[in-house]
Every structure is written in C-alpha cells, then in structure tokens.
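# Inside the fold
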Amino acid sequence: MNPVKVWECLVCGFVYDEAEGWPEEGIAPGTRWEDVPDDWCCPDCGAAKADFEMVETSRA
Amino acid sequence: MAEIAQPGGSPARASSASQAQRAPSASRSEQASQGRQATWRDGKRYLWLLGLVVPAYPFTAWGLVELTGSGFFWWSALLIVFGLVPLLDLLVGKDSNNPPDSVLAWLEGDRYYRWCTYLYLPLQYAGLVLACWLWTTGGLSAADRAGLTVTVGVVAGLGINTAHELGHKKESLERWLARIALAQTFYGHFYIEHNRGHHVRVATPEDPASSRLGQTFWAFLPRSVFGSLRSGWHLEKARLARRGKGPWTPQNDVLNAWAMSAALFGALAVAFGPGVLPYLAVQAVIGFCLLEVVNYLEHYGLLRQKGATGRYERCTPRHSWNSDDIASNVFLYHLQRHSDHHANPTRRYQALRHFEESPQLPSGYAGMILLALVPPLWRRVMDPLVLAHYGGDVARANIQPRRRARVLARYGGGAA
C-alpha cells in the first residue's frame, strides 16, 4: 500500500493530510488526494485544488 | 445585484457556488479544443506592453523636460495615472470578455505574457538609478526634485503590483523577481503577508488589508501598513518555529527582504552620496501608500459570513470588488479582475476572468483611488453599492467597529 501523503496549499500553506482527511466537509480520514473532489478548494484561502502540491509522505 | 447566501449558508449552496467558480479550472486540464484555440484572439495581447510605459516614465519625463525646458513634466506621472488613465477608462470603456475555458492552459503557458511583467524590473531599477543621479547632480530645483520623487514613487508603487503578480506564481524565479521588485519600497514583508495572511483572512474583520464599511482610507492606511507588517512577521516567525528555529535567522524571509532593501539603498548612497537617502525614503512611502489605497478599494465593506463550525465561508467572487475598465486593467495586469484572482491565486494575469456575480466598481482603480482620498465622496459613491450588494441588509457588511452605531443608524432602515 502506498504511504499516506500530505499536500500543501501553495498560496497560504494550509495542509491537507490524507490520513486526517477533512471531515468538516465530509472528506473522510484516509481519503486520497486524487479522490478529493476537483471543485474542493483550500478551506483557508479558497485557492483551487490545482494550487496544492505534495510536500511529504506522512510519518505513519 | 443582491447576494443570496445567508450567514451559515448550507453546504450545498457553498459547494454549488464553488463549483461555478471552479468549473473552468477543472476543464483547464482537459485538452483544449483545437478549433476554438485557433479562432480565439486575445484582444489585450499587445496592450499588455503598455504596462512598461510606467517604469519607463522617469526617462520619458527627463526627455520631455529636456525637450521643452519645463519642469512641469517631472510631475506628469501624476497626470497620467490620475488624469489620463481615468479619462481613458471613461472613453475606452469596459471589456467583460473571458477567454474560453479551452484556451486557458495555452494562454497561461505562452511565455510572451511573462516577459511583459519581467521587463518591468530592469526598467524600474534603471529609472531609480537615473533618478538618484538627477537628484544629486542634475542641477534640478527643489520643485523639480520633488516632482521626480513623486514620479519614482508611482513607478515603485506599480512595481508592487508587478511583484504581486509574480509573487503568486509557482516558479521560484518569479517569486524571486517579486522580492526584488519590492526592495525599492522596503515592502518585502508584503510578499509573505499577502499570500499567507491576506488571502486567508480576506473580507473578514481580522484582515488589516480588507477595508470596512465606514472606514475612511486615512483610517485604513495605518491599520493596513502596521497590521500587515505585524502579521507578516508573526507568520514568518510561526513558520520558522515549526522548523525549530527562532525568528532571528537569515532564513527569515521578512528579514532577508529588508536586508535586500538596505543593501539597495546603501549601494545607492555609496554611489551617489547620502543625499539620496531622503528621496529614497519618500519615494518608498509614496509607493506603498499607492499599494495601500488599492488594497482599500478591493474589498471595501465586503464580509464573509461565519458558518456553524465557526469558520468563515470560503472566499467567493462576491467578496472582491471588480472592474473591467480596459485602460486601468492594462496598467495593473488585470488586478481588477480580483474575484478570479482570489479563487485562483496562481492563475496568470492574462487568463483572469470576469464574474457576473461579483460586485463591480463604478470606475477603474485609477479613478476610484481619487475618490478614496476624499472620504465624503467615497462614502457617497460606495456605501450605497455595498448596501445594494447585501440587498439592503447592512448588518451583513464588514462594518468599522468604531462607526458601527452610526452606520446602522444611517443605513439600517433598509433592512427587511
């Protein structure tokens, strides 16, 4: 199984950790980045999903 | 143009709003349909070169003074920015044309547009060096030197706009160019604060760079200047703390940006004598005040509502003032298509789009700046627009706390 990845918003630095998901908006823990809806955007600054980049594989 | 979303609006609505806003970027990755790509023409393509007229202005002014013998031309940058451009906005009109989604990827990839912004920098700094030479050895009168300082300040201020365009990009070269462009105004902390502070807190009472209904530009100016400085410092301190470092390190991007400015001013003082320092200080202040007055226009009175979770709703096109006036957009690299900029901050200027649902300013930024300087006029024009945007419900606007009672008394009557 692939390691869990962490994605960071290039604009404001918000971090999406696949292990944690974003339950506040129904994105369950463990949701892979590619399964996050394309219209989802940064909860902090509103930047598009395309403005995130992978920063690390999380220590699991 | 009334806003529909309510405080704590349902997730369904929020998601449909974000879908509408985002649809084009989703299809950006799809391969462009060749037919449309071939037929669509960018009407502004060559107009973007006009942006370079601004940094060349110290040279133009010098030439005009030499030609005519009139010192008036040292001041003429003011007439161009606040006379000619607003007039052109009125005469030339607006352009609400959007590039079709299918050409966005191609349009962003075309390197010609990047060069239009990169070239601002060598002209900006050549103009600064010319000005240092003229201030010290040009034999100018005090009035002429003052006029030249204002002109250089205008170039520096629009240089922050260029830095803004570059500082949002993913490529490190462009981020570096942004920092260099900011050195002239000692505003390197803007690059930190703007991306990681302003873009997060935009259109909330917590953002020092989002102006509030009832707040005059003159009250906004110190709050934005010092609030943004404080915020930029704390953001950088927090970032370094996460890496186990204190703030006093050369890796602190606020400190190293200021070091770049200090090195620039120091080098100019060595080359032309310490006599240039007061001029450099004044042009920097003019430059960043120009940026701050533009900040004042961009989100006046607009407020993101707080949802049930205590988090603000996402920034949508309804949270930025926009203008499609062609002349001022050309000189500002589409900064006035501000809603799309907040939705897609790394999108390049040539690909920014107009949104029907975003509130529109009655004129381009150049004209609105003049209004902002005269608070009674500004209130008269803008307060009704804020009120209309919120369907008459002033309580949904971002209101200056100190004036809250007065604003509610004046505008509260229209609330349903």
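Quick caveat: nothing in here was measured; it's all calculated off a predicted structure.

A count of helices and strands for chain B gives 18 helices and zero strands. Relative to its 416 residues, chain B shows a buried fraction of 57%. Expressed as a percentage of contacts within chain B between residues at least 6 apart in sequence, the contacts between residues at least 24 apart total 72%.

The subject of this paragraph is the nonpolar core. Considering soluble globular proteins, one finds that nonpolar side chains tend to be buried as a cluster. Residues and elements named next belong to chain B. Counting 71 residues, the largest nonpolar core has Tyr120, Tyr187, Leu213, Tyr300 and Trp378 as its most contacted members. Here this core takes seven residues from helix 13 (residues 277–298), the largest share from any one element. In this view, tyrosine 187 contacts Ile160, Leu182, Val225, Phe288, Leu291 and Glu292; residues no more than four positions away in its chain are not counted. Formed by 22 residues, the second largest nonpolar core is a distinct cluster that contains Ala61, Leu264, Phe265 and Val276.

What follows deals with unusual backbone geometry. Glycine aside, residues mostly have negative phi, and peptide bonds are mostly found in the trans state. All names here are of chain B. Within the chain, tyrosine 333 stands out as a residue other than glycine whose phi angle is a positive 50°. As for its position among the elements, tyrosine 333 is in the loop between helix 14 (326–331) and helix 15 (338–343). In this structure, histidine 334 takes a positive phi of about 60° despite not being glycine. Topologically, histidine 334 is positioned in the loop between helix 14 and helix 15.

The next point concerns the packing of helix 4 (residues 76–92) of chain B against helix 16 (residues 365–372) of chain B. Residues and elements named next belong to chain B. Orientation of helix 4 relative to helix 16, taken along the N-to-C sense of each, is 125°, at an axis distance of 8 Å. Comparing the axis directions of helix 4 and helix 16 gives the class oblique. At the point where helix 4 passes helix 16, the crossing takes the left-handed sense. Contacts between helix 4 and helix 16 involve Val81, Phe82, Val85 and Pro86 on the former and, on the latter, Ala366, Gly367, Ile369 and Leu370. Here the contact of helix 4 with helix 16 is built from residues that sort into seven nonpolar, one polar and no charged.

Our next topic: the interface of chain B and chain A. You'll often see interface size given as the accessible area lost when the parts meet. Contacts between the two partners involve 23 residues from chain B and, on the opposite side, 19 residues from chain A. Counting across the chain B and chain A interface gives four salt bridges. Among the ionic pairs, B:Arg314 bridges to A:Glu25, the shortest N-O distance being 2.7 Å. At the boundary of chain B and chain A, one finds ten residue pairs in polar contact (both at pLDDT 80 or more). Elements with a minimum of two residues in the side of chain B that touches chain A: helix 1 (11–28), helix 10 (189–201) and helix 15 of chain B. It is helix 1 of chain B that contributes the most residues to the side of chain B that touches chain A, six residues altogether. A class-by-class count of the residues in the side of chain B that touches chain A yields four nonpolar, eleven polar and eight charged.

Right, let's get into the pairing of strand 1 (residues 5–9) of chain A. Walk down a regular strand and you will see the side chains alternate between the two sheet faces. Residue and element names in this part refer to chain A. Pairing geometry for strand 1 and strand 2 (residues 15–17), over three bridges, is antiparallel. For tryptophan 7, the partnering residue across the bridge sits in strand 2 and is tyrosine 16. Counting the residues between successive antiparallel strands, the hairpin from strand 1 to strand 2 contains five residues, one of them, glycine 13, with a positive phi of roughly 90°.

As a further point, take the pattern of salt bridges. All names here are of chain B. Inspection of every chain in the model, using the stated rule, returns 24 salt bridges over all chains. The closest approach of N and O atoms between arginine 179 and aspartate 253, which form a salt bridge, is 3.9 Å. With arginine 179 in helix 9 (residues 172–183) and aspartate 253 in helix 12 (residues 253–272), this residue pair connects regions lying 74 residues apart in the sequence. The closest approach of N and O atoms between arginine 196 and glutamate 236, which form a salt bridge, is 3.0 Å. Residue arginine 196 is located in helix 10, and its partner glutamate 236 is located in helix 11 (residues 217–242); the two are separated by 40 residues in the primary sequence. Judged by its relative accessible area of 21%, arginine 196 falls in the partly exposed class. Among the residues examined, glutamate 236 registers a relative accessible area of 0% and is labelled buried.

All names here are of chain B. Remark: helix 7 (residues 120–137) packs on helix 13, axes separated minimally by 10 Å, with the N-to-C direction vectors making an angle of 135°. The orientation of helix 7 relative to helix 13 falls into the category oblique. The crossing of helix 7 and helix 13 is right-handed. In contact with Leu128, Cys132 and Trp135 of helix 7, helix 13 contributes Tyr279, Leu280 and Gln283. For the contact of helix 7 with helix 13, a count of residues per class yields five nonpolar, one polar and no charged.

Here we take up the packing of aromatic side chains. To describe a pair of aromatic rings, one takes the distance between the centres and the angle between the planes. What the rule picks out here adds up to 28 aromatic pairs over all chains. Measuring from centroid to centroid gives 6.4 Å for A:Phe14 and A:Phe52, while their planes differ by 80°, and the two rings are edge-to-face. Of this pair, A:Phe14 sits in the loop between strand 1 and strand 2 while A:Phe52 sits in strand 3 (residues 52–57), placing them 38 residues apart in sequence. Like A:Phe14, the residue A:Phe52 is buried in the burial classification. When the ring of B:Phe217 is compared with that of B:Trp218, the centres are 4.9 Å apart and the planes differ by 65°; the resulting orientation is edge-to-face. Exposure remark for B:Trp218: the relative accessible area of 46% places this residue in the partly exposed category. Following the ring pairs from residue to residue traces out a cluster consisting of A:Trp7, A:Phe14, A:Tyr16, A:Trp22, A:Trp33, A:Trp40 and A:Phe52. Residue placement shows A:Lys49 over the ring face of A:Trp33; its charged tip is 5.2 Å from the ring centre.

Conventions used here
Residues numbered from 1 in each chain as written. Chains lettered and ligands numbered in written order. Predicted model: local features only at pLDDT ≥ 70, side-chain atom pairs only at ≥ 80, totals over all residues. Heavy atoms only, no water. Helix = DSSP H or I, 4+ residues; strand = E, 2+ residues; numbered from the N terminus. Buried < 20%, exposed > 50% of the residue type's maximum accessible area, 1.4 Å probe, protein only. Contact = heavy atoms within 4.5 Å. Core = buried A, V, L, I, M, F, W, Y, C linked by side-chain atoms within 4.5 Å. Axes fitted to C-alpha atoms, helices over the stretch in contact; angles between N-to-C directions. Parallel < 35°, antiparallel > 145°, perpendicular 65-115°, else oblique. Left-handed = near helix turned anticlockwise from the far one by under 90°. Nonpolar A, V, L, I, M, F, W, Y, C, P; charged D, E, K, R; others polar. Salt bridge = Lys/Arg side-chain N within 4 Å of Asp/Glu carboxyl O. Polar contact = N/O pair within 3.5 Å; in protein donor to acceptor, adjacent residues only side chain to side chain. Pairing = 2+ DSSP bridges. Phe/Tyr/Trp six-rings, centres within 6.5 Å; stacked < 30°, edge-to-face > 60°. Lys NZ or Arg CZ within 6 Å of the ring centre and 35° of its normal.

In short, the description is geometric, and any link to function would need to be established separately.
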